[in-house]
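Report on the structure
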Amino acid sequence: MPTSVPSTPPQAVAAVPAGPPPRSRPGGRPAMAAVLLGFFTIMVDAMIVNVALPSIGRGFGSAMTGLQWVVDGYTLTFAAFLLSAGAISDRVGARQAFAGGLALFVAASLVCGLAPGLGVLVAARLVQGVGAAMVLPSSLALLRETFADPAERARAIALWAVSGAVGAAAGPVAGGLLTVLDWRMVFFVNLPVGAVALLLLRYAHPSPRQAVPFDLAGQAAAVAAMGGLTYAAIEAGAVGFGAPRVLAALAVAVVSSVVYVVAQARGRHPMTPLPLLRSRVMSLAAAIGFALNVGFYGMIFLLGLYLQQVHGLSALATGVAFLPMSVLTSFVGPVAARLAARFGARMPVITGQLLIATGLAAMVTLPADAPVWLTVPLMVPVGAGGAMAITPLTALLLETVPAERAGVASGVLNAARQLGGALAVAVFGALVADRSRFVTGLHTGLLIAAAVVAASIVATCLLEPARRDAR
């Protein structure tokens, strides 16, 4: 399932008057190759670490709480900084923002691979997430600048979407393969790929800069709110919800959320204007995206641990177990597009939600000693369901919001999805922290994920693109 792939704003593929097509910039192919490589890399990194977690835990002698932060450190900053990354891209220029974000991501990957301890690894993962958040919106903006002809641009954007989907699906498999050598390789592999992308980017023309204001208060409040909530969820599993540091983190999350809302309501240049946040379509789409990632991220996290800690599989065998899901998921996107064109967007979204919920619930029925070959097929509907749902969902959202709000709406949707993944790892990690009760915690987590996704079907039924909203 693609993770955090923003939809194409309508103006990206708008028709042009008759006549000779506009000329695209020189160096378009190297620029596109750089964008595809960079985008693929950050999407792989969202999933690649999950299979390596047991090896990281053994290497550092880390408990479950620390391993949760290895995953959530990346996801958390990725989600929080997506809200303003588009504005930063416009402010400094798409090529410059892409290069800066990718360079930051690669440098942080090097620190991850060389980390002497868990604290350094988690800190570097936080920085990786910031870099990834910068790469994501600027990659699409760079393609839109480079290819002036609508037909060329449409083909480039289609390849961009495929690269993200394949990267996300390939993450667990790549993690298993690289961990055979050393878990640090899951980070070192980013260095040559990122270096090639940065070299190719030299052929792209510098992007124009725009006088776009930056909402510092809103961004700081968003980071504090998401961070406080995630910290509380992770630490509660270790020390209980009544622990002072958990209560303090919850208080920080609540206060920061209030500050964020006030900043968006009264700030001169809010990054997420309140009319958009009040939009019924926007709020429902964000809730659905949140639920989809609870199911998908939650399953990847839990099964990556389950196959190694309960079944005793190697990292390589665990990666291979994810392979059928990864391969088949890559073919679902075109099917979803055809279904949406024929039956409307809600039909494939609901179909995807039902597939995810059914797959997760079916896993709970398997006994702890069930052979792995019974678990592997049940991953497929979860991955396929996510791929089935997310593209029509984002398309439906962008049909409803005004064109000038398309980028912001996509950022909010993707931030909600990443937050859903972060909280799934936080909550489900707490459920399986006790090795003696791992299977019970696994089943509880899968049931929670299935229930969250099933409940979001109600939101999809209410999500009808009747008129343009949030003007």
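Residues numbered from 1 in each chain as written. Predicted model: local features only at pLDDT ≥ 70, side-chain atom pairs only at ≥ 80, totals over all residues. Heavy atoms only, no water.

1. Topic: the overall build of the protein
A tally of regular secondary structure across the protein gives 18 helices and zero strands. Computed over the C-alpha atoms, the radius of gyration of the protein is 21 Å, within 12% of the 23 Å expected from 2.2 N^0.38 for a compact globule of 471 residues. Structurally, the protein occupies a C-alpha span of about 70 × 45 × 45 Å along its principal axes. A total of 471 residues make up the protein; the buried ones form 55% of that total. Pairs at least 24 residues apart make up 85% of the contacts formed inside the protein by residues separated by at least 6 positions. Total accessible area on the protein stands at roughly 17,900 Å², and carbon and sulfur atoms take up 69% of it. Where the 28 positive side-chain charges of the protein centre and where its 15 negative ones centre are 5 Å apart. (Helix = DSSP H or I, 4+ residues; strand = E, 2+ residues; numbered from the N terminus. Rg over C-alpha atoms; globule rule 2.2 N^0.38 Å. Buried < 20%, exposed > 50% of the residue type's maximum accessible area, 1.4 Å probe, protein only. Contact = heavy atoms within 4.5 Å. Areas by Shrake-Rupley, 256 points an atom, 1.4 Å probe, with all protein chains shown as cover. Lys, Arg positive; Asp, Glu negative; His and termini not counted. Charge placed at Lys NZ, Arg CZ, Asp CG, Glu CD.)

2. Digging into helix 4 (residues 118–146)
Its 29 residues place the ends of helix 4 41 Å apart at the C-alpha level, agreeing with the 42 Å of an ideal helix rising 1.5 Å per residue. Of all the bends in helix 4, the greatest, near 25 degrees, is centred on Ser138. (Expected span 1.5 Å × (residues − 1). Bend = angle between axes of the 7 residues up to and from the residue.)

3. Observations concerning a nonpolar patch on the surface
Together, Leu177, Val180, Leu316, Val320, Leu323, Val327, Leu328 and Phe331 make up an exposed nonpolar region whose accessible area comes to about 700 Å². If you list the elements that add at least two residues to the nonpolar patch, you get helix 5 (150–181), helix 12 (315–321) and helix 13 (323–329). Here Val320 is to be found in helix 12. A relative accessible area of 47% means that Val320 is categorised as partly exposed. (Patch = residues over 30% accessible without salt bridge, like charges linked within 9 Å, V, L, I, M, F, W, Y side chains within 5 Å. Salt bridge = Lys/Arg side-chain N within 4 Å of Asp/Glu carboxyl O.)

4. Some words on the packing of aromatic side chains
Within a pair of aromatic rings, the relevant descriptors are the distance that separates the centres and the angle that separates the planes. Using the criterion set out here, one finds five aromatic pairs in the structure. With centroids separated by 6.2 Å and ring planes inclined at 40 degrees, the aromatic side chains of Trp69 and Tyr231 adopt a geometry described as tilted. Here Tyr231 lies in helix 8 (residues 216–239) and Trp69 lies in helix 2 (residues 64–92), a separation of 162 residues in the sequence. Looking at Trp69, the relative accessible area reads 15%, which means it is buried. Consider the rings of Tyr74 and Phe78, whose centres lie 5.6 Å apart with planes at 75 degrees: the pair is edge-to-face. Of this pair, Tyr74 and Phe78 both sit in helix 2, four residues apart, roughly one helical turn. (Phe/Tyr/Trp six-rings, centres within 6.5 Å; stacked < 30°, edge-to-face > 60°.)

5. Let's talk about the pattern of salt bridges
Tallied over the entire structure, the rule returns two salt bridges. Across the pair Arg125 and Asp45 runs a salt bridge whose closest N-O atoms are separated by 2.7 Å. Of this pair, Arg125 sits in helix 4 while Asp45 sits in helix 1 (residues 28–60), and the two are 80 residues apart along the sequence. Considered together, Arg125 and Asp45 belong to a single accessibility category, that of buried residues.

6. Focus: the nonpolar core
In this structure, Ile42, Met299, Met379 and Leu393 are the most contacted members of the largest nonpolar core, which totals 129 residues. When sequence neighbours within four positions are dropped, the list of residues in contact with Leu393 reads Ala285, Ile288, Gly289, Leu292, Val349, Leu413 and Leu463. In terms of nonpolar packing, the next biggest core, distinct from the first, is built from six residues, Val332, Ala336, Leu339 and Ala384 among them. (Core = buried A, V, L, I, M, F, W, Y, C linked by side-chain atoms within 4.5 Å.)

7. Quick notes on the confidence of the model for the protein
On average, residues of the protein score 83 in pLDDT, and 90% of them reach the 70 mark or higher. In this model, residues 2–21 is a region of pLDDT below 50 whose contacts with residues beyond four sequence positions or in other chains number 54 contacts. Counting interchain partners and residues more than four positions distant, the pLDDT-below-50 stretch residues 466–471 has 21 contacts. (pLDDT = per-residue confidence, 0-100.)

8. Remarks on helix 8
Note: α-helices contain 3.6 residues per turn, so residues at a spacing of three or four share the same orientation. Look at helix 8: 33 Å from first C-alpha to last across 24 residues, which is about the 34 Å you get at 1.5 Å a residue. Phi turns positive one or two residues past the end of helix 8, at Gly240, with a value near 95 degrees.

9. Some thoughts on the environment of Asn414
Within the secondary structure, Asn414 sits in helix 17 (residues 406–431). With a relative accessible area of 1%, Asn414 lands in the buried category. In the structure, Asn414 is positioned 109 residues away from Leu305 in sequence and 26 Å away in space, judged by C-alpha atoms.

10. So, the packing of helix 1 against helix 11 (residues 280–309)
For the pair helix 1 and helix 11, interaxial distance at closest approach is 7 Å and the crossing angle is 25 degrees. Judged by the inter-axis angle, helix 1 sits roughly parallel to helix 11. Seen from above, helix 1 lies across helix 11 with right-handed handedness. Taking contact as the criterion, the partners of Ala46, Met47, Asn50, Val51, Leu53 and Pro54 in helix 1 are, on helix 11, Phe296, Tyr297, Ile300, Phe301, Leu305 and Gln308. (Axes fitted to C-alpha atoms, helices over the stretch in contact; angles between N-to-C directions. Parallel < 35°, antiparallel > 145°, perpendicular 65-115°, else oblique. Left-handed = near helix turned anticlockwise from the far one by under 90°.)

11. Remarks on the side chain of Thr318
By secondary structure assignment, the location of Thr318 is in helix 12. In this view, Thr318 contacts Val51, Gly304, Leu307, Gln308 and Leu313; residues no more than four positions away in its chain are not counted.

12. Focus on the environment of Arg155
Its location among the elements puts Arg155 in helix 5. With 304 residues separating them in the primary sequence, Arg155 and Ala459 have C-alpha atoms 32 Å apart.

13. What to know about the environment of Val252
Among the structural elements, Val252 can be located in helix 9 (residues 244–266). It is 8.8 Å that separates the C-alpha atoms of Val252 and Gly227, two residues lying 25 residues apart in sequence.

14. Focus: the packing of helix 1 against helix 2
Any two packed helices are characterised by how steeply their axes cross, that is the angle between the axes, and by the distance between the axes. Following both chains from N to C, one finds helix 1 and helix 2 inclined at 165 degrees, their axes separated by 8 Å at the closest point. In terms of their interaxial angle, helix 1 and helix 2 are classed as roughly antiparallel. Both helix 1 and helix 2 take part in a crossing whose hand is right-handed. Two secondary-structure elements touch here, helix 1 through Ile42, Asp45, Ala46, Val49, Asn50, Leu53, Ile56 and Gly57 and helix 2 through Leu67, Val70, Val71, Tyr74 and Phe78. Of the residues contributing to the contact of helix 1 with helix 2, the split by class is 10 nonpolar, two polar and one charged. (Nonpolar A, V, L, I, M, F, W, Y, C, P; charged D, E, K, R; others polar.)

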